[in-house]
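The residues making up each chain are set out below.
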Amino acid sequence: MSTGSSRWVRWGVPIALAVVTVWVVSSRDKQRVEAPLPPPVLADGPPSIRQSKTDTNLSPQYFDSLWPAGHRDSANTDFVPIELGSSYTIKKHFLKGHPIFWPPTIGLDGTSYVVTGAPPGHSHLFAISPDGDVLWSAKPQESLEDLDSFAIMNAPTIDAEGDLYLGDRDQLWALKPNGDVKWVIDLKPYGVDWGFMTVMLSRQRYIGGVTTNGKVLFFWSHDGKLAMPVLDLPGGRGPAPEDEPPELLWKDLMDPELIPFLFNLIQGWELEVANTPAIHPETGRLYITAAGATPNTGVLYGIDISDDALTIAFQAPMGGGSGTSPAISQDGTAVYAVDELGRMIAIDAHTGKRLWQSKQGGGGSASPSVGSDETIYTPFQDRITAYTRHGDVRWERSYDSLCMKRLPEPGGIWNHVLSEPVAFIDSILTVGMRKGWMNVVCGYHLPKFLSRSDRTRVPIPQESLFVAFDLATGDPLDEPLVLPETSEGFITPLSNGNAMVTTSGAITSIFYHTVNRILPERLQVDGPPRAGLVLLEPR
């Protein structure tokens, strides 16, 4: 190759890329017009029947373990009442090739159960010992009659006896702790195509939840029979997608049929319901965010579950496009949710009256976490915002400085194409008594090259980190641990003091398969993407 040609490849490609990027930004970035909200429909108060929480902050119908449900408890707080550690090392990376979002839920003898979204031909449920050994797995998917790949969106929910319940695309499964099938229900006769986003246990020990097309269904947990008539939420479809899935997202990891659907679901686009309900641990009222009756509006529903009926108690309007699960305050008086513009709202859990709305906006994809002192934590892009129960900002912290200390500038002409080192919080926040856990990805932004929306903007990953942080200030604690993959999920504790990181490899896959070919070797993304589980042990 001539010197002139070599110089063009070296300098011309990045410059041309920058020009294309500017054009993409200027031609695609459109401001969404916020729709007016209808008036609320309020309730007179809470249900009259109450039950007490356990000493470990759980509803009594759940198994008494560190993490028996997707967001740890029925209130979706992601709070575990223990002192979390801050210094770990990697013990094992396993289930490689299996993308995983939800955390392993913990049942009898400390056994964890985890779901994956690998293509047909693979198992989608695994039972794992605290030391990371696979004890058993579900029958591999040969058809949609088996436990299929949509199980990835259904964390196993574990009842007080240790039985587990999870959904897939169009079925609801109940299994014994050893993997034997207790019963399985076909959801198609109830108008369900794409099913639950994780099921919940009611006060009566019914099992069920809300499907992505707004069907509220509950079944007897002992035999799978329908417990009451189906409730069809009165909303419509979610807002139109602002972006398309990046090319080669989850290539060779995820069931290809799932990818467009999951991309919209995670962002809260197109679907009536794109999140997991919360159930009040004392009153039993169910809360779910959903699309409203008009475009770009949303609703937080309060739904009462009696022995034989489902009743909408209140409808609290909010911005549309929420992909976040609602969370209930520790004292049970408020429900928190995040709308499409990233604004936190607080709703009276008894009446549905709006208590406050934050001024700050970000993204509506990561669910809020609630600490023992009622602080509400919400991540977006590079930062965490911590709110008091009254809606004041307790602290806000960017983690860009963490990444700037770890990564150099891109260097050369790439300083004009890529950003300086940035952080991206790539997990739900797990909160303990004084410390929290999260995954932080350090990398460089290629501005809006692959996304039309700030909500889908992610950096070219250079490091994926386990970070423990101080819940009082947001400051990182101890030295971050470099992980072998990007999370997009959870970091949760195990009964023996170890911890588990779920990884789907989404960010890795986007850039490894599409951008590596034009990047200099020093900036290329490690790969191929592996996904799987990462088991951590204390140092």
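Quick caveat: nothing in here was measured; it's all calculated off a predicted structure.

Turning to the packing of aromatic side chains, a few remarks are in order. Counting across every chain of the model gives 17 aromatic pairs. Considering the side-chain rings of W194 and F261, the 4.1 Å spacing of their centres and the 15° angle between planes classify their relative orientation as stacked. One end of the pair, W194, is in the loop between β9 (181-186) and β10 (200-201); the other, F261, is in helix α2 (residues 259-267), and 67 residues separate them in sequence. By relative accessible area, W194 is classed as buried at 14%. By way of ring pairs, the aromatic residues Y88, W437 and F466 are connected into one cluster. The side chain of K92 reaches across the aromatic face of F94, ending 5.0 Å from its centre.

Right, let's get into the layout of surface pockets. Counted as a void, the second largest pocket has a volume near 320 Å³. As for the second largest pocket, its lining consists of 21 residues, and the residues nearest its centre are P461, Q462, E463, S464 and D526. Going through the elements one at a time, β29 (460-470) and β30 (476-483) are the ones with two or more residues in the lining of the second largest pocket. Among the residues making up the lining of the second largest pocket, the classes are represented as 10 nonpolar, 5 polar and 6 charged.

This paragraph deals with the sheet that holds strand β3 (residues 112-115). Pairing in this open sheet of 4 strands is antiparallel, and the strands run β2-β3-β4-β5 from one edge to the other. What marks the edges here is a single partner per strand, and that holds for β2 (105-106) and β5 (134-137). Summarising the sheet, strand β4 (residues 125-128) and β5 pair through 3 bridges and their orientation is antiparallel. By the bridge assignment for β5, I128 is matched with V134.

Tallied over the full model, the rule gives 26 salt bridges. Of the charged contacts in the structure, one is a salt bridge between E270 and R237, with a shortest N-O distance of 4.0 Å. Of this pair, E270 sits in the loop between α2 and β14 (278-279) while R237 sits in the loop between β13 (231-232) and α2, placing them 33 residues apart in sequence. In this structure, the salt-bridge partner of R389 is E374, at a minimum N-O distance of 4.0 Å. With R389 in the loop between β24 (383-387) and β25 (393-398) and E374 in the loop between β22 (369-370) and β23 (376-380), this pair connects stretches of sequence that are 15 residues apart. One network of salt bridges, with partners in common, ties together K139, E142 and D146.

Quick look at unusual backbone geometry now. For residues that are not glycine, phi is negative in most cases, and the peptide bond is trans in most cases. P528 follows G527 through a cis peptide bond whose omega is 5°. For P528, the position within the fold is in the loop between α4 (506-514) and β33 (532-538). Notably, D109 is not glycine yet its phi reads approximately 60°, a positive angle. Turning to its location among the elements, D109 is positioned in the loop between β2 and β3. Judged by relative accessible area, D109 falls into the exposed class, the value being 76%. Notably, Q381 is not glycine yet its phi reads approximately 55°, a positive angle. Topologically, Q381 is positioned in the loop between β23 and β24. A relative accessible area of 13% places Q381 in the buried class.

Judged by pairing direction, the sheet is antiparallel, and its 4 strands sit side by side in the order β6-β7-β8-β9 without closing on themselves. Taken across any chain shown, the strands that pair with only one partner, and hence form the sheet edges, are β6 (157-158) and β9. Pairing of strand β7 (residues 164-167) with strand β8 (residues 171-175), which is carried by 4 bridges, proceeds in the antiparallel orientation. In the sheet register, G167 faces β8, and the bridge partner there is L172.

So, on to the nonpolar core. If you look at the biggest cluster of nonpolar residues, it comprises 58 residues, and the most contacted ones within it are W250, L262, I384 and M438. Among the elements of the structure, α2, β24, α3 (400-406), β26 (422-425), β28 (435-444), β29 and α4 are those that each provide at least two residues to this core. Leaving out residues up to four positions away in the same chain, W250 has contacts with F101, I259, L262, I266, S504, G505, A506 and S509. Core analysis: the second largest hydrophobic core is formed by 34 residues, L187, V199, Y206 and V210 among them.

Now for the state of the cysteines. Applying the stated criterion to the full structure yields 1 disulfide. Here C403 is linked by a disulfide to C442, with a sulfur-sulfur distance of 2.0 Å. Handedness of the C403-C442 disulfide follows from its S-S torsion of about -75°: it is left-handed. Of this pair, C403 sits in helix α3 while C442 sits in strand β28, placing them 39 residues apart in sequence. Take C442: its relative accessible area is 0%, and that puts it in the buried class.

Calculation rules
Residues numbered from 1 in each chain as written. Predicted model: local features only at pLDDT ≥ 70, side-chain atom pairs only at ≥ 80, totals over all residues. Heavy atoms only, no water. Phe/Tyr/Trp six-rings, centres within 6.5 Å; stacked < 30°, edge-to-face > 60°. Helix = DSSP H or I, 4+ residues; strand = E, 2+ residues; numbered from the N terminus. Buried < 20%, exposed > 50% of the residue type's maximum accessible area, 1.4 Å probe, protein only. Lys NZ or Arg CZ within 6 Å of the ring centre and 35° of its normal. 1 Å grid on protein atoms, 1.4 Å probe; cavity = no way out; pocket = protein on both sides within 12 Å on 5 of 7 lines; lining within 4 Å. Points joined across faces, edges and corners; volume = space filled by probe spheres on them. Nonpolar A, V, L, I, M, F, W, Y, C, P; charged D, E, K, R; others polar. Pairing = 2+ DSSP bridges. Salt bridge = Lys/Arg side-chain N within 4 Å of Asp/Glu carboxyl O. Core = buried A, V, L, I, M, F, W, Y, C linked by side-chain atoms within 4.5 Å. Contact = heavy atoms within 4.5 Å. Disulfide = S-S within 2.5 Å.

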